[in-house]
Every structure is written in C-alpha cells, then in structure tokens.
Amino acid sequence: MKIVVCVKHVPDATAQRRFDADHTVDRAGVDGLLSELDEYAVEEALQIAAAHDGEVVVLTVGPDQAADAARKSLQMGADSAVHVVDEQLHGSDAIATSLVLAEAVRKIGDYDIVVCGMASTDGAMGVVPAMLAERLGVPQVTFAAEVSVDSGSVTARRDADLATETIEASMPLVLSVTDQINEPRYPSFKGIMGAKKKPVQTWSLADLGVDADQVGLAAAWSVVHSVAARPPRSQGVVVTDDGAGGRQLADYLAEQKFI
Amino acid sequence: MSEILVLVDHADGAVRKTTTELLTIARSLGEPSAVFVGAGIDAARETLVAYGADTIYLLDSADLTDYLVVPQAEALAQLVDRAAPAAVLVPSTPEAREVAARVAVKTGSGLITDAVDVRAGADGGPVTTQSVFAGGYTVEASVTRGTPIIVVKPNSVTPEQSPGAGVEETVEVAVSEAARSARVVKREPRTKSGRPELTEAAIVVSGGRGTGGDFSDVEALADALGAAVGASRAAVDSGWYPHSYQVGQTGKTVSPQLYVASGISGAIQHRAGMQTAKTIVAVNKDAEAPIFELVDFGVVGDLKQVLPQATEEIIKRKG
Ligand SMILES: Cc1cc2nc3c(=O)[nH]c(=O)nc-3n(C[C@H](O)[C@H](O)[C@H](O)COP(=O)(O)OP(=O)(O)OC[C@H]3O[C@@H](n4cnc5c(N)ncnc54)[C@H](O)[C@@H]3O)c2cc1C
Ligand SMILES: Nc1ncnc2c1ncn2[C@@H]1O[C@H](COP(=O)(O)O)[C@@H](O)[C@H]1O
C-alpha cells in the first residue's frame with residue numbers, strides 16, 4: 001500500500017507571526033516548523049503503513065525552509081519525501097496549492113491514500129484536503145477522529161456538529177485527520193540518524209507541468225487589501241480573591257448588564 | 001439588484017442562528033436567496049422569509065444527505081452557474097467550508113474563509129474582514145475571480161428581520177456517480193445538553209484543567225447566566241468533557257458577548273477560539289496565567305471558591 005502524506009511548514013504559532021509588505025505570510029523572518037496538526041497525519045500514515053505493509057511518501061509544497069517539515073516527517077519514520085519548491089509559488093492561495101499538490105500526487109503515482117491534517121496552523125482554512133480530492137477525482141474522508149483500513153476501503157468516525165458519523169469509502173482516496181485520532185510519536189535517535197539517508201526529491205513547477213501563471217500571488221483568486229494587527233486588549237481589572245472574589249465577579253457582571 | 005446565495009444551515013428544518021446572520025448580511029449586498037438542502041422546509045420557511053429570503057431554492061434528494069459534501073458541492077455549483085449570483089455566503093461549519101472549497105474549484109471562483117464582516121465595496125462587490133492568526137490580525141480582502149464564495153463566522157452580525165418574498169423553487173439536482181463515493185453508513189445524533197448551542201450562545205462559561213475534572217461549578221455558573229458550557233483541550237483530552245464542547249483552534253470558535261474562562265491558562269490555541277469575545281472574564285489561581293492578559297475582569301483565586309460564590313450571588317440578584 002502506498003500512502004502520500006501532505007505536510008506544511010508553518011510559522012511557529014507561539015512566535016510573533018506577521019505579514020510581509022505584499023500581505024503574504026512572513027515565512028522567512030519567523031521560525032517555522034512542521035504544522036503540529038500535520039504530525040497527526042504523519043503518525044496515522046505510519047500506523048496504517050505498519051499494519052498493511054505500506055510505504056509512506058511525504059509531500060510538501062513551500063519555500064526552501066519547508067524541507068525541514070519533510071525532514072521531521074522522515075525522522076518520524078516516513079520512507080521518502082518530495083519537496084515542491086519554486087520561486088513562482090510565492091503567495092499561492094489554497095486553490096493554487098491544491099493544484100500543485102494534485103499534480104505532485106499524480107506524479108508520485110499509484111497511491112492508495114493521501115493523508116492530510118485537518119487544517120494548517122497558519123492559514124487554518126481546512127479546505128485543501130477537499131480541494132485536493134476534487135482535483136484528483138477521488139473520494140474524500142475528512143476530519144476523521146478514528147480510522148480503520150480494510151482491503152480496498154477505509155472506514156472513519158467523524159464527530160460532526162450534530163452527530164457522530166461513520167463514513168465508508170473505497171481507495172484511492174483523500175483522508176484528513178483531526179488531533180483526536182492518535183498521539184504523534186517523537187523522532188527517536190535512530191529515526192533522526194536514519195532520516196539522513198532517506199531519499200528526498202525536489203521538484204519545480206516545470207517538473208509538474210504546472211504553468212507559472214496558474215500559481216503565486218498574481219494568480220490568486222482573491223486579493224488582500226490591508227492587514228492590521230488587532231489592537232492588544234487592554235487589561236481590565238484583576239482582583240485577588242480574599243473571600244469575596246465571587247461577589248466581586250457578580251458585581252462586575254451586573255455592572256456590565258449580564259445579569 | 002443582484003442575487004446573493006445563502007447556504008442554509010439547519011437540523012431537520014430547525015434553522016440555525018448563523019443562517020439568519022447570513023441572510024442579514026446578504027440583504028446589505030443584494031437580494032438574498034436561501035439554498036435549502038434536505039428535508040424540513042415546512043419548519044424552516046417562516047424563519048427564512050422573516051430574515052429576508054426573496055427566493056428559496058429547494059434541493060431535496062437522498063443523495064445530498066447520504067453522502068457528505070460532494071453531492072452538495074455539485075448541486076450548489078450547478079445553481080451558481082444557473083443563477084449567476086453576485087456572491088455565495090456559507091456558514092463556517094467544517095462541512096459547509098468543504099462544500100465552499102469544492103464549489104470554488106468547480107466554478108473557478110475565489111474563496112474567502114473566516115470572514116467576520118462582509119460589506120459592499122466601491123464596485124458593489126463584497127469586501128470582507130477576516131480574523132487571522134488566532135485573532136491576532138484582521139485582514140481586508142476581496143475576490144478577484146469568478147463568484148465570490150465567502151465563509152462567514154458565527155456571531156459576525158446581529159440578525160435583523162425584514163421579510164422577503166419567499167418564492168419557492170424546486171431545483172432538480174443531477175448528482176454524478178463519482179459524488180456517491182463516500183457514504184455515511186451511520187449517524188448517531190449527539191445528546192442535547194439543554195443549554196444554548198456553543199457557537200451561538202451570547203455567554204459561554206468554560207472550564208479547563210483547573211477544574212480537576214469536576215465541571216459542576218462551571219455548569220452551575222453557566223446555568224445561572226443562561227450560558228453554554230465550553231472546555232479547553234486539556235479538559236477534553238482528560239475525558240472530562242466531550243470534544244464537541246472544545247473551544248479553540250481544533251475545537252469551536254466562539255464570539256460571544258461574554259466569555260468566562262475558569263481554570264484555563266490561555267494558550268494560543270485556546271485563544272484562537274475565543275479571543276474575539278466582546279468581554280472576557282477569567283478565574284485562575286495563578287496570577288501569571290497568560291489568560292489575564294486578555295481579561296476585562298479577572299479573579300486570582302480558586303475556582304472552587306469563586307465560581308459557587310458568584311453563582312449564588314447571581315441567583316440571589318436575579319431573585
Ligand atoms: C495543534 C494544537 C491544537 C490545540 N488546540 C487546542 C484547542 O482547540 N483548544 C484548547 O483549549 N487547547 C488547544 N491546544 C492545547 C493548548 O496548547 C493548551 O495545552 C490547553 O489549552 C491547556 O488547557 P488548560 O488551560 O485547561 O490547561 P493548563 O494550561 O494546564 O492550565 C490550567 C490552568 O488552571 C489553573 N488552575 C489550576 N487549578 C485551579 C483552581 N483550583 N482554580 C483556579 N485555577 C486553577 C492553573 O493555574 C492553570 O493556569 C492545542 C495544542 C496544539 C499543539
Ligand atoms: N503547502 C502545503 N504543502 C503540503 N500540504 C499542504 C500544504 N498546504 C496545506 N496542506 C495540507 O492540507 C491540510 C489543510 O490545510 P489548509 O486547508 O491550508 O488548512 C494541511 O494539514 C496539509 O495536510
């Protein structure tokens with residue numbers, strides 16, 4: 001079984017994230033890492049592969065630094081990696097990213113499952129897996145909190161708003177997983193050493209046959225006019241409970257007309 | 001005036017509040033048309049018309065509910081091609097987001113997610129305000145290609161009534177074989193708590209690891225305030241409260257009038273789900289907890305003392 005897992009390199013959420021002058025996310029000036037939500041995708045891919053004698057190919061689209069996300073996935077245990085990197089990709093929106101991912105998945109070929117995270121921790125759109133399935137023309141099983149893989153089909157549990165749903169689809173398919181699904185492993189020392197010898201391929205847009213005018217900032221189907229840091233909330237009153245904290249809280253809520 | 005499609009969010013015809021918000025926004029952009037998928041229109045009609053639906057498109061076929069996302073996306077894309085609306089507004093549920101994503105790809109249209117405001121720009125087309133990076137930034141954007149597909153967060157506007165014409169039209173949907181590829185084989189409805197729905201509630205009282213697993217003080221305060229109950233991921237991961245109540249990056253985003261965080265430290269992933277609340281109150285025994293950076297009012301203290309006292313006082317005042 002061949003599993004492709006899509007991972008994104010993102011700015012660290014606990015750092016001061018910011019935007020560049022062209023309103024794109026600053027990916028160079030802020031420390032980046034493998035999107036934490038994609039660790040669950042890598043872990044699930046590794047578990048499925050272990051149970052079904054499979055191989056795991058990591059796929060990332062992003063600038064030079066994105067190679068770190070691929071490397072961490074290899075350290076966790078993936079077998080090989082593909083990094084799509086091209087100057088022209090700068091500023092791509094989800095629509096363009098899904099196009100590039102789809103072409104890369106096709107080029108990797110012969111896949112049974114493409115595993116994604118539920119959302120990236122920077123854009124947090126949670127739409128790329130659905131777009132990817134749309135473009136590949138294969139079933140989507142998304143926001144899975146539990147997955148079982150059988151010969152040729154996948155069954156998943158998802159905790160939707162109004163109900164818990166069980167979904168069934170046949171392979172090949174696109175799967176996205178939530179942070180409820182597993183406990184991602186830490187790379188072991190052996191994993192870290194072993195990753196150095198694993199194959200990493202670097203592909204350009206030309207390698208994928210994607211026209212440069214279909215991607216990047218200029219080709220985005222939406223435009224950002226302005227970006228503003230949200231004014232920090234000014235801290236209000238903080239009292240220390242000396243036995244009347246609850247009454248003080250009630251006073252405040254009454255003042256603000258919540259009672 | 002141009003037509004604005006609104007994808008209705010409902011449970012068997014019970015229209016959710018977000019839909020009335022989207023209809024209110026749609027009226028400021030053009031003529032709202034409600035797109036109603038599934039059964040239950042008899043229960044939904046009155047609300048849709050009251051909030052301004054001039055047209056109600058009825059899409060009812062088992063395919064649309066037996067299979068997730070894909071048939072809905074096909075049907076909505078067909079409707080977009082036919083009606084040529086000026087924009088499509090979609091609620092911010094995971095499923096509707098994915099429908100929006102696929103409609104964007106199918107119709108060659110730009111997609112904007114996490115909008116907290118939508119208004120008519122200089123050319124009449126919609127301009128959005130989005131909240132990004134865990135609410136740390138706001139971004140103004142618009143769509144430059146195709147039909148603007150906009151996913152709008154709950155509580156973005158106050159819904160206002162203004163009756164629409166409510167002309168109904170049944171739309172025949174042609175769903176492809178390929179769309180029937182991921183079947184829902186089982187649906188177990190969630191047990192209702194009897195409290196307001198988390199994302200719609202005007203007040204949310206949340207508990208974290210600091211509850212030590214006992215949510216009774218949190219629930220009692222919530223009930224005194226008529227509030228919904230929320231939980232941090234630490235509380236959910238410990239099995240103290242169901243996942244559907246989790247607030248934050250990988251849970252629900254709430255934007256209530258009042259958010260009360262008790263025994264919650266205020267990690268960035270939690271803030272991502274509640275930072276846009278109008279008023280924030282915290283109870284935490286650690287004066288250094290980051291949640292206090294956000295608060296309008298905070299109590300440094302043990303929630304096991306503070307919450308019951310506040311609850312008792314509130315009940316007393318309400319008489
Ligand atoms: C990818 C990712 C996604 C995540 N998504 C989410 C998410 O959606 N939602 C979310 O909440 N978290 C999320 N997290 C986890 C987040 O980083 C924090 O770990 C989590 O929010 C901590 O929960 P907490 O505040 O309840 O626990 P803690 O951080 O342990 O804080 C407990 C607080 O309770 C206080 N306390 C203890 N006892 C008492 C008492 N008796 N009275 C008063 N105060 C007391 C302590 O002082 C402390 O400040 C995510 C993390 C990652 C990596
Ligand atoms: N640039 C990228 N490279 C590889 N995978 C990506 C990329 N962007 C998004 N993904 C995948 O799509 C998922 C959802 O991303 P998003 O729709 O941006 O929130 C992520 O968790 C990844 O699995």
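It should be noted that the structure appears before, not after, this text.
This structure is a prediction, so every number in the text was calculated from the model and none was measured. (Residues numbered from 1 in each chain as written. Chains lettered and ligands numbered in written order. Predicted model: local features only at pLDDT ≥ 70, side-chain atom pairs only at ≥ 80, totals over all residues. Heavy atoms only, no water.)

Student: So, helix α3 (residues 94-108) of chain A: which residues are in play, and what are the values?
Tutor: Residue and element names in this part refer to chain A. In this model, α3 (15 residues) spans 21 Å end to end at C-alpha, consistent with the 21 Å of a helix rising 1.5 Å per residue. Buried residues dominate α3, accounting for 11 of its 15 residues. Buried residues of α3: A94, I95, A96, S98, L99, V100, L101, A102, A104, V105 and I108, and no others. Phi turns positive one or two residues past the end of α3, at G109, with a value near 75 degrees. (Helix = DSSP H or I, 4+ residues; strand = E, 2+ residues; numbered from the N terminus. Expected span 1.5 Å × (residues − 1). Buried < 20%, exposed > 50% of the residue type's maximum accessible area, 1.4 Å probe, protein only.)

Student: Provide a residue-level description of the packing of helix α1 (residues 36-51) of chain A against helix α2 (residues 67-76) of chain A, including the pertinent values.
Tutor: Residues and elements named next belong to chain A. The contact between α1 and α2 brings their axes to 10 Å, and the two run at 35 degrees. By crossing handedness, the relation of α1 to α2 is classed as right-handed. Facing E39, V42, E43 and L46 of α1, the residues of α2 in contact are K72, S73 and M76. Taken together, the residues that form the contact of α1 with α2 break down as 3 nonpolar, 1 polar and 3 charged. (Axes fitted to C-alpha atoms, helices over the stretch in contact; angles between N-to-C directions. Left-handed = near helix turned anticlockwise from the far one by under 90°. Contact = heavy atoms within 4.5 Å. Nonpolar A, V, L, I, M, F, W, Y, C, P; charged D, E, K, R; others polar.)

Student: Mind laying out the site of ligand 1, listing which residues take part and the relevant values?
Tutor: Around ligand 1, the surrounding shell holds 27 residues, and the nearest of these are R209, S232, S265, Q269 and N284 of chain B. Each of chains A and B places residues next to ligand 1. At a separation of 2.6 Å, an oxygen atom of ligand 1 approaches a polar side-chain atom of S265 of chain B. Burial of ligand 1 by the protein amounts to 82% of the accessible area it has alone, namely 980 Å². Residues of the shell around ligand 1, tallied by class, amount to 7 nonpolar, 14 polar and 6 charged. (Near = heavy atom within 4 Å. Polar contact = N/O pair within 3.5 Å; in protein donor to acceptor, adjacent residues only side chain to side chain. Areas by Shrake-Rupley, 256 points an atom, 1.4 Å probe, with all protein chains shown as cover.)

Student: Account for the site of ligand 2, naming residues and giving values.
Tutor: Residue and element names in this part refer to chain A. The full set close to ligand 2 counts 19 residues, and C6, D38, V61, S120 and G126 are the nearest of them. At 2.7 Å, a backbone N or O of C6 approaches an oxygen atom of ligand 2. At 3.3 Å, a backbone N or O of V7 approaches a nitrogen atom of ligand 2. Relative to its unbound accessible area of 480 Å², ligand 2 is 97% covered by the protein chains. When contributions to the shell around ligand 2 are tallied by element, the ones reaching two or more residues are β4 (55-61), α3, β6 (113-117) and α4 (128-136). With 3 residues, the top contributor of residues to the shell around ligand 2 is β4. Within the shell around ligand 2, the residues separate by chemical class into 12 nonpolar, 5 polar and 2 charged.

Student: Give me the lowdown on the nonpolar core, citing residues and values where you can.
Tutor: Within the largest apolar cluster, 79 residues are counted, with the highest numbers of intra-cluster contacts made by I113 and L175 of chain A. Looking at which element gives the most residues to this core, the answer is α1 of chain A, with 8 residues. Setting aside residues up to four positions removed in sequence, L175 of chain A forms contacts with I48, I113, V114, V115, C116, V141, A144 and V147 of chain A. Within the second largest apolar cluster, 32 residues are counted, among which are I203, V306, A310 and I314 of chain B. (Core = buried A, V, L, I, M, F, W, Y, C linked by side-chain atoms within 4.5 Å.)

Student: Can you break down the pattern of salt bridges residue by residue, with the values?
Tutor: Residue and element names in this part refer to chain B. Counted under the stated rule, the structure contains 34 salt bridges over all chains. Residues D114 and R97 are paired through a salt bridge, measuring 2.6 Å at the closest nitrogen-oxygen approach. With D114 in strand β7 (residues 111-120) and R97 in helix α5 (residues 94-107), this pair connects stretches of sequence that are 17 residues apart. Neither residue differs from the other here; D114 and R97 are each classed as buried. The partner of R119 in a salt bridge is D117, with the nearest N and O atoms 2.8 Å apart. Among the residues examined, R119 registers a relative accessible area of 29% and is labelled partly exposed. (Salt bridge = Lys/Arg side-chain N within 4 Å of Asp/Glu carboxyl O.)

Student: Give a detailed account of the state of the cysteines, specifying residues and quantitative values.
Tutor: Residues and elements named next belong to chain A. Considering all chains together, one arrives at 0 disulfides over all chains under this definition. Here C6 is not disulfide-linked; the sulfur of C116 is the nearest cysteine sulfur, at 4.1 Å. Using a relative accessible area of 4% as the deciding quantity, one classes C116 as buried. (Disulfide = S-S within 2.5 Å.)

Student: Pulling in residues and values, what's your account of the interface of chain A and chain B?
Tutor: Each partner contributes residues to the interface: chain A has 77 residues there, and chain B has 88 residues. Buried area between chain A and chain B, both sides added, is near 7,100 Å², and the carbon and sulfur share of it is 57%. Applying the counting criterion to the chain A and chain B interface returns 6 salt bridges. Of the charged contacts, one joins E165 of chain A and R187 of chain B as a salt bridge, the two residues approaching to 3.3 Å between their closest N and O atoms. Taken together, the links from chain A to chain B amount to 41 residue pairs in polar contact (both at pLDDT 80 or more). Contributing elements (two or more residues each) for the side of chain A that touches chain B: α1, α4, β7 (140-144), β9 (153-159), β10 (163-170), β13 (222-229), β14 (237-240) and α7 (245-255) of chain A. Of the residues forming the side of chain A that touches chain B, the biggest block, 10 residues, is contributed by α7 of chain A. Among the residues forming the side of chain A that touches chain B, the class breakdown is 39 nonpolar, 21 polar and 17 charged. Where β14 of chain A meets strand β17 (residues 297-300) of chain B, 4 bridges bridge the pair, whose relative direction is parallel. Bridge pairing in β17 of chain B links V239 of chain A to V299 of chain B. (Buried area = accessible area lost by both parts, 1.4 Å probe. Pairing = 2+ DSSP bridges.)

Limitation: the analysis is restricted to geometry and does not speak to function.
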